[in-house]
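# Inside the fold
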Amino acid sequence: MISWLKDPVTSFVIAGTAIFLLSGMFSDSEISKVVELSDADVKRLSGIWQMQRSREPSSDELNDLVEQFVKDEIYFRESQRLGLNVNDSIIRRRLVQKLTFLTEDIASIQPLDKTALQDFFAQNKEDYRIPERRSFTHKYFSNEGRENPEQDAKAALDTEVKSDPFMLQTDYKGRTLGQIRGFLGNEFAEALKELEPSPDWQGPLKSAYGWHTVKLHSVEPSYVPEFAVVAERVESDAAIAVRSNASETYYEELRGRYEIVYPDPMKLAN
């Protein structure tokens, strides 16, 4: 009875007719049917090709690019005319994203001058603080093959007890506590933090691998560097902050133009 629907040609004709009839239900008075390409459009298409292929397109390739652009533009306008962009979550997210990018791009067109960058640095100095750094040497006493590695490490403070080979370094210079945690574990780093520099061996300190005696050579105090030292990082951070603030400011200004009606909490609860 409905076998004729399985014929691909018939199905195509039906689908095309349906789209044609549907298109008549939408007003296209605001959607132009003139697709006009400027020299800038052609140069942009050529530039994108050049970036992707590392060469200029040939005449035929450029013609194909232009025709694909025309096809995409026609399809885009027809999709709008048919209302295919309405209530589509993917298109909704994309448009929101594009408006956000546009707002941020406009805000970052004018680069910040040196005074503005210095003000940003002054307000966010702690973000550029250099943490304490420690330099030390250690001897390792493995949990494997020793009956009491902690006791052996203690004995090594006053006597010549042979230590074990260590898979990582035995000397560390100018390392932050965060880096030391990554090498030897949090327990070792916290214990090392309590030590004062000394020419003597100290410990024992427990790590993720076993026990250690430590000779702490120096502790470099934390400090905030001069602006000139971190100027490039400040410029990058300031640009990101400007973009973010512009987006938030724009949203707050837009939100003030809208009336927001929330559902009744009591109704939601029921």
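The structure displayed is predicted, hence computed values, not measured ones.

### Thoughts on the side chain of S207
Structurally, S207 can be placed in the loop between β3 (202–206) and β4 (210–220). At 2.9 Å, the side chain of S207 and the backbone nitrogen of Y209 are in polar contact. If sequence neighbours within four positions are ignored, S207 has contacts with L184, F188 and H212.

### Let's talk about the sheet that holds β4
Strand order in this open sheet of four strands is β2-β1-β4-β3, and the pairing throughout is antiparallel. Every interior strand has two partners, whereas the edge strands, β2 (171–175) and β3, have only one. Strand-to-strand twist across the sheet, computed as the mean angle between neighbouring axes with direction ignored, equals 35 degrees. One ladder, built from three bridges, connects strand β1 (residues 133–142) with β2; its direction is antiparallel. Bridge assignment links R134 to a residue of β2, and that residue is R175. Relative to β2, helix α7 (residues 177–184) is tilted by about 150 degrees, and along the sheet it contacts β1, β2 and β4. Packing against the sheet, helix α8 (residues 186–193) makes contact with β1, β3 and β4, and its axis sits at approximately 155 degrees to β3.

### Describing the pairing of β4
Residues in a regular strand point their side chains to alternate faces of the sheet. Note: β1 against β4, 10 bridges, orientation antiparallel. In the strand pairing of β4, Y140 is matched with H212. Two elements, β3 and β4, share three bridges in a ladder whose sense is antiparallel. Bridging from a neighbouring strand, K206 pairs with W211 of β4. Counting the residues in the hairpin turn of β3 and β4 gives three residues.

### Let's talk about the packing of aromatic side chains
Under the definition given, this model contains seven aromatic pairs. Judged by centre distance (5.9 Å) and plane angle (40 degrees), the rings of F136 and F188 are tilted. One end of the pair, F136, is in strand β1; the other, F188, is in helix α8, with 52 residues separating them in the sequence. The pair F136 / F188 is uniform in exposure class, with both members buried.

### Remarks on the side chain of R146
With respect to the element layout, R146 can be found in the loop between β1 and α6 (149–155). Given the relative accessible area of 18%, R146 is considered buried. Among the polar contacts listed, one links the side chain of R146 to the backbone oxygen of K162, at a separation of 2.7 Å. Among the polar contacts listed, one links the side chain of R146 to the side chain of D164, at a separation of 2.7 Å.

### Re the nonpolar core
Counting residues in hydrophobic clusters, the biggest one holds 14 residues, and the most contacted among them are F136, I180, L184, F188, L192, L205 and V214. Of all the secondary-structure elements, those providing two or more residues to this core are β1, α7, α8 and β4. Beyond its immediate sequence surroundings of up to four residues, F136 is in contact with T170, D171, Y172, I180, L184, F188, L192, V214, K215, L216 and H217. Ranked by size, the runner-up nonpolar core spans eight residues in total, among them L117, Y128, F227 and V234.

The rules behind the values
Residues numbered from 1 in each chain as written. Predicted model: local features only at pLDDT ≥ 70, side-chain atom pairs only at ≥ 80, totals over all residues. Heavy atoms only, no water. Helix = DSSP H or I, 4+ residues; strand = E, 2+ residues; numbered from the N terminus. Polar contact = N/O pair within 3.5 Å; in protein donor to acceptor, adjacent residues only side chain to side chain. Contact = heavy atoms within 4.5 Å. Pairing = 2+ DSSP bridges. Axes fitted to C-alpha atoms, helices over the stretch in contact; angles between N-to-C directions. Phe/Tyr/Trp six-rings, centres within 6.5 Å; stacked < 30°, edge-to-face > 60°. Buried < 20%, exposed > 50% of the residue type's maximum accessible area, 1.4 Å probe, protein only. Core = buried A, V, L, I, M, F, W, Y, C linked by side-chain atoms within 4.5 Å.

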